[in-house]
Amino acid sequence: MSGKTASRKTSRPALVPRHVAVVMDGNGRWATRRLLPRTAGHKFGADALKRLVRGCVQQGVQYLTVFAFSSENWKRPVEEVSALMELFVQALQRETPDLTAQGVSLRFLGDREPLNERMRELMVQAESTVVEPARLRLNVALNYGGRWDIVQAARAAQTAGVELTEESLGRYMCLADIPEPDLLIRTGGEHRVSNFLLWQLAYTEFYFSETLWPDFDEQTLAHAIADFARRERRFGRVSDKAAPADPAGLRVA
Ligand code: IPE
Ligand code: IPE
Ligand code: MG
């Protein structure tokens, strides 16, 4: 989006990121360390997500995008995948009213086709609940993959017959209507993207935490935001603090 890019400045970011993305990782290890089944980690992970949402509302974050299930997570044992799907259904049924009461609107990104009908119905229902004005817009990535996102965007652009440019393709990517993530938090100690928002993370600040997801709390979020506030985002330019270039020095003799 050229307009957005042109208006970016190389300066210290606003103290609070507008859009936070989170890879909620470490549920399985958290459970295994307690000699519990991995699925217990996912259950406690759902409580951690509630703390994250509360923390974001308190801190004034406007958009939150969480990675709940990747397009590769189907490769896990069938019992774990079924337990996760059941947990999503329960969470949607139980938590949507409370989220609405907090001023949180919900939206999903990812390929819904392989999900069961009950789940798809609940997703549509949750998305159609009007929360106006929303204090926080929560996007849940479910059966989402960054590569899938790029391919679905390319297909949509092709169907529309538009000429492919960064800007035109970008319009068909998931979350194209909101600002790109300012901060990506990944818990669980791994330093990788795991096919999350590949396109949208181009200039996102990354924050990695050793905390396993079920232990995540408002304090971990506050640390990540404080760390973000110390970063200088340059978007390819030079630092504001750098000496201005001498135009004479740039001339080709
Ligand atoms: C993240 O925790 C949750 C999902 C991927 C659904 P994991 O289940 O990946 O936990 P670890 O990484 O195995 O500890
Ligand atoms: C990423 O975590 C997906 C989610 C948190 C939903 P994974 O646990 O699936 O990532 P890898 O396999 O360690 O890269
Ligand atoms: Mg993991």
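Reading the values: the criteria
Residues numbered from 1 in each chain as written. Chains lettered and ligands numbered in written order. Predicted model: local features only at pLDDT ≥ 70, side-chain atom pairs only at ≥ 80, totals over all residues. Heavy atoms only, no water. Helix = DSSP H or I, 4+ residues; strand = E, 2+ residues; numbered from the N terminus. Expected span 1.5 Å × (residues − 1). Contact = heavy atoms within 4.5 Å. Polar contact = N/O pair within 3.5 Å; in protein donor to acceptor, adjacent residues only side chain to side chain. Near = heavy atom within 4 Å. Areas by Shrake-Rupley, 256 points an atom, 1.4 Å probe, with all protein chains shown as cover. 1 Å grid on protein atoms, 1.4 Å probe; cavity = no way out; pocket = protein on both sides within 12 Å on 5 of 7 lines; lining within 4 Å. Sits in = over half its atoms within 2 Å of the grid points. Nonpolar A, V, L, I, M, F, W, Y, C, P; charged D, E, K, R; others polar. pLDDT = per-residue confidence, 0-100. Buried < 20%, exposed > 50% of the residue type's maximum accessible area, 1.4 Å probe, protein only. Pairing = 2+ DSSP bridges. Core = buried A, V, L, I, M, F, W, Y, C linked by side-chain atoms within 4.5 Å. Phe/Tyr/Trp six-rings, centres within 6.5 Å; stacked < 30°, edge-to-face > 60°. Axes fitted to C-alpha atoms, helices over the stretch in contact; angles between N-to-C directions.

## Describing helix α8 (residues 218-229)
(1) Moving on: Relative to the 16 Å expected for 12 residues at 1.5 Å per residue, α8 spans 16 Å between its end C-alpha atoms, a close match to the ideal helical length.
(2) Moving on: Looking at the buried side of α8, the elements it contacts are α3 (38-59), β5 (183-186) and β6 (205-208).
(3) Moving on: The N-cap of α8, judged by a side-chain oxygen 3.1 Å from the amide nitrogen of Gln 219 a few residues on, is Asp 217.

## Some details on the site of ligand 2
(1) Moving on: Taken together, Val 23, Met 24, Asp 25, Phe 67, Ala 68, Phe 69, Asn 73, Arg 76, Arg 186, Arg 192 and Ser 194 form the complete shell of residues around ligand 2.
(2) Moving on: Side-chain polar atom of Arg 192 to an oxygen atom of ligand 2: 2.8 Å apart, as the coordinates give it.
(3) Moving on: In the environment of ligand 2, an oxygen atom lies 2.6 Å from a nitrogen or oxygen atom belonging to the side chain of Ser 194.
(4) Moving on: If ligand 2 stood free it would expose 390 Å²; the protein chains cover 77% of that surface.
(5) Moving on: A molecule is said to occupy a pocket when more than half its atoms come within 2 Å of that pocket's grid points, and by this definition ligand 2 occupies the largest pocket.
(6) Moving on: At 3 residues, the largest contribution of residues to the shell around ligand 2 is made by strand β2 (residues 63-70).
(7) Moving on: Of the residues assigned to the shell around ligand 2, the class counts are 5 nonpolar, 2 polar and 4 charged.

## Looking at the confidence of the model for the protein chain
Parts of the prediction with low pLDDT should not have their coordinates interpreted in detail.
(1) Moving on: Across the protein chain, the average pLDDT comes to 92, with 90% of residues at 70 or higher.
(2) Moving on: Here residues 1-13 scores under 50 on pLDDT; set against residues more than four positions off or in separate chains, the count is 30 contacts.

## A short note on the pairing of strand β3 (residues 104-109)
(1) Moving on: For β3, a buried count of 5 out of 6 residues is recorded, marking the element as mostly surrounded by other parts of the structure.
(2) Moving on: The pairing of β3 with strand β4 (residues 136-144) spans 6 bridges and is classified as parallel. Pairing of Leu 109 across the sheet is with Ala 141, part of β4.

## Focus on the nonpolar core
(1) Moving on: Formed by 40 residues in total, the largest nonpolar core has its most connected members in Val 22, Leu 52, Leu 64, Leu 138 and Ile 185.
(2) Moving on: At 7 residues, helix α4 (residues 78-101) tops the list of elements feeding residues into this core.
(3) Moving on: Setting aside residues no more than four positions away along its own chain, Leu 52 makes contact with Val 22, Leu 64, Val 66, Trp 213, Phe 216 and Leu 221.
(4) Moving on: Listed in part, the 14 residues of the second largest apolar core include Ala 21, Leu 175, Leu 184 and Phe 196.

## A few points about unusual backbone geometry
(1) Moving on: Omega for the peptide link from Glu 132 to Pro 133 comes to -5°, which places this bond in the cis form.
(2) Moving on: Note that Pro 133 resides in the loop between α5 (117-128) and β4.
(3) Moving on: Unusually for a residue other than glycine, Asn 195 sits at a positive phi of about 65°.
(4) Moving on: Of note, Asn 195 is situated in the loop between β5 and β6.

## Some remarks on the packing of aromatic side chains
(1) Moving on: The tally for this structure, following the rule as stated, stands at 10 aromatic pairs.
(2) Moving on: Ring geometry for Trp 213 and Phe 216: centres 4.6 Å apart, planes at 25°, overall stacked.
(3) Moving on: For Trp 213, a relative accessible area of 1% corresponds to the buried category.
(4) Moving on: Ring pairs connect the aromatic residues Phe 67, Tyr 144, Trp 148 and Phe 196, which therefore count as one cluster.

## Details of the site of ligand 1
(1) Moving on: As a matter of local geometry, ligand 1 sits amid 13 residues, with Asp 25, Gly 28, Arg 29, Arg 38 and Arg 76 nearest to it.
(2) Moving on: For ligand 1, whose unbound accessible area comes to 380 Å², protein coverage reaches 87%.
(3) Moving on: When each cavity is represented as a set of grid points, ligand 1 is found to reside in the largest pocket.
(4) Moving on: When contributions to the shell around ligand 1 are tallied by element, the ones reaching two or more residues are α2 (27-33), α3 and α4.
(5) Moving on: Top element by residues in the shell around ligand 1 is α2. It accounts for 3 residues.
(6) Moving on: Among the residues making up the shell around ligand 1, the classes are represented as 3 nonpolar, 5 polar and 5 charged.

## Notes on the sheet that holds β3
(1) Moving on: Pairing is parallel in the open sheet, where 6 strands are placed in the order β3-β4-β2-β1-β5-β6. If you trace the sheet from one side to the other, it starts and ends with β3 and β6, each paired once. The mean angle between the axes of side-by-side strands here comes to 20°, regardless of whether they run parallel or antiparallel.
(2) Moving on: In terms of strand pairing, strand β1 (residues 19-23) meets β2 through 5 bridges, oriented parallel. When the sheet's bridge partners are listed, Val 22 is paired in β2 with Val 66.
(3) Moving on: Here α4 sits on the sheet and contacts β2, β3 and β4; the angle it forms with β3, its principal contact strand, is near 150°.

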